[in-house]
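Listed here are the chains, written in short residue letters.
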Amino acid sequence: MLDLRWIRAEPAALDRALTRRGMEPASAEILALDERRRAAQTAFQEVQSHRRELSKQIGQAKGKGEDANELMAKVEDLKAEIAAAEGDEKAAAEALDALLSTLPNVLDDAVPDGASEDDNVELRRIGEPPQFDFKPKDHVALGAGLGGMDFERAAKLSGARFVVMQGQVARLHRALAQFMIDLHTTEFGYTETNPPLLVRDNAMYGTGQLPKFTEDSFRTEDGFWLIPTAEVALTNLVADEILAEGDLPLRFVGHTPCFRSEAGSAGRDTRGMIRQHQFEKVEIVSITAPDASADEHERMTDCAEEVLRRLGLPYRVVILCAGDTGFGARKTYDLEVWLPGQNAYREISSCSNCGDFQARRMNARFKPTEGKGNVFVHTLNGSGLAVGRTLVAVLENYQQADGSISIPEVLQPYMGGLEVLHAGN
């Protein structure tokens, strides 16, 4: 949620920010609703004040034994005015809140201009794509050859965009998640957290999934939402709280299933595990003071990169352009891993600094050590990493000519010492 006081003071800045994202200016509509709300509020207060004065006069008249019927009639007439002013204020406030809830975060000045992912800017590349003396297969063919990845049976159970993993492929998937959690907790200081997978409306609203991404999410018949990412649950741990500045930063990591309807991606990545309705992700979240969030963003990105470095997977880092940056983010780095089966880099993590955007929606604040009042925290989130996509990357980058898979050294302890995946093992 954007700061209404800032919009009042800098309406042109808001419109420039929206234009960068390819949206129409909105300051005039916001300020008109704000003026309507404040005018209704003033009218309500004036009528209430008049009513209180009349009530006082009624008391005085009765105390003197005078006739107060005329005054009482005026008070009765004011009830309708009070109800109308109250209704106007409520309607204007609801319209204003509804409009503000649809506005995205204001971008950091460092975010490059651009309309789509084609305009994202590469910052660095780490590692060289493997050179094969055979034609590399994609993960679908490799998984089927290992007998551990079955999309047809998954479709029988649930339809498209699901997979059944079995045997050592399923174990490798689990090993990746365990390795990521261990790394983030033991070396990077994140607190392992196992949150609910079902959340209420306010949690989805707090991190910006509602109302913007309603169609991209799954909702139960009794009103709960299946989390599209652990970011929703982990970030909302501090909703409606006032933290002590000395407790910041807070860092959480969670490994959860995630559920997305992918309503806006019809026809994209229909083959394999790249874009599914159900997938697993290791999510990292930080809660910081405002002056620490920029450095925390760099730190978080490096933590996610370290997973790829230790797995020996080639990747690149890009900064998302204005038109590709997510709704709640001020600035986002994407990590894109090399996939030989696609001969391309594909996203495996997004690390975003949301500033105080989510905190305002969640009412999450901290009390500064010095100074008065409470201040909104800054929130950050990133994938550390998407487990299924990391499995895809390991299978494709470590494949051998016979369809077997060399297991990265850091994963071997999680695989019982196994060094190579063969069909049937």
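We now turn to the structure provided with this report. What you see is a predicted model, and the numbers here were worked out from it, not measured in a lab.

What follows covers the nonpolar core. Leu 172, Leu 176, Met 180, Leu 308, Leu 385, Leu 391 and Leu 395 are the most contacted members of the largest nonpolar core, which has 49 residues in total. Ranked by residues supplied to this core, first place goes to helix α7 (residues 167-186) with nine residues. Residue contacts for Met 180: discarding those within four places in its chain leaves Val 282, Val 307, Gly 384, Leu 385, Val 387 and Thr 390. Counting residues in hydrophobic clusters, the runner-up holds 15 residues, among them Leu 14, Leu 18, Leu 33 and Leu 100.

Contact pair α7 / helix α10 (residues 293-311): the axes reach a minimum separation of 11 Å and the direction vectors enclose 130°. The orientation of α7 relative to α10 falls into the category oblique. You can see that α7 and α10 cross each other, and the crossing is right-handed. Between α7 and α10, the contacting residues are Leu 176, Phe 179, Met 180, Leu 183 and His 184 on the first element and Cys 303, Ala 304, Glu 306, Val 307, Arg 310 and Leu 311 on the second.

Put simply, Leu 210 and Pro 211 share a cis peptide bond, and its omega is 0°. Secondary-structure assignment places Pro 211 in the loop between α8 (201-206) and β6 (218-219). Geometrically, the link from Gly 384 to Leu 385 is a cis peptide bond, its omega value of 20° lying close to zero. Relative to the helices and strands, Leu 385 is located in strand β16 (residues 378-386).

Mapped onto the fold, Ser 261 is located in the loop between β9 (250-259) and β10 (278-288). When neighbours within four sequence positions are excluded, Ser 261 is seen to be in contact with Glu 215, Asp 216, Ser 217, Phe 218 and His 277.

Moving on, we get to the pattern of salt bridges. Counting across every chain of the model gives 22 salt bridges. For Asp 34, the salt bridge is made with Arg 8, and the minimal N-O distance between the two is 2.7 Å. With a gap of 26 residues between them, Asp 34 in helix α3 (residues 27-63) and Arg 8 in helix α1 (residues 4-9) connect regions that are remote in the sequence. Take Asp 34: its relative accessible area is 1%, and that puts it in the buried class. Arg 8 gets classed as partly exposed once you look at its relative accessible area, which sits at 31%. Close ionic contact of Glu 305 with Arg 309 constitutes a salt bridge, the shortest N to O distance being 3.6 Å. In this pair, Glu 305 and Arg 309 are both assigned in helix α10, four residues apart and thus about one turn of the helix distant. Exposure remark for Arg 309: the relative accessible area of 32% places this residue in the partly exposed category.

The rules behind each value
Sequence order sets the numbering: in each chain, residues are counted from 1 along the sequence as written. Under the rules for a predicted model, residues below a pLDDT of 70 receive no local features and side-chain atom pairs below 80 are neither given nor counted, while totals for whole chains, interfaces and linings still include all residues. In computing side-chain properties, one takes all heavy atoms of the structure into account and sets aside hydrogens as well as water. Residues belong to a common nonpolar core when they are buried Ala, Val, Leu, Ile, Met, Phe, Trp, Tyr or Cys residues joined through side-chain atoms within 4.5 Å. Exposure is judged per residue with a 1.4 Å probe applied to protein chains only, and the accessible area is read against the type maximum: over 50% gives exposed, under 20% gives buried, and values in between give partly exposed. Strands are runs of DSSP state E lasting at least 2 residues, helices are runs of H or I lasting at least 4, and numbering of each runs from the N terminus. Contacts: residue pairs with any heavy atoms within 4.5 Å of one another. Here, axes are lines fitted to C-alpha atoms. For helices the fit covers the stretch in contact, and angles between N-to-C directions go from 0 to 180 degrees. Should an angle fall under 35 degrees it is taken as roughly parallel, and over 145 as roughly antiparallel, whereas 65 to 115 is taken as roughly perpendicular and any remaining angle as oblique. The crossing is said to be left-handed when, going from far helix to near helix, the turn is anticlockwise and less than a right angle, and right-handed when the turn is clockwise. Salt bridges are defined as contacts in which a side-chain nitrogen from Lys or Arg sits within 4 Å of a carboxyl oxygen from Asp or Glu.

Bear in mind that shape data such as this cannot, by itself, settle questions of function.
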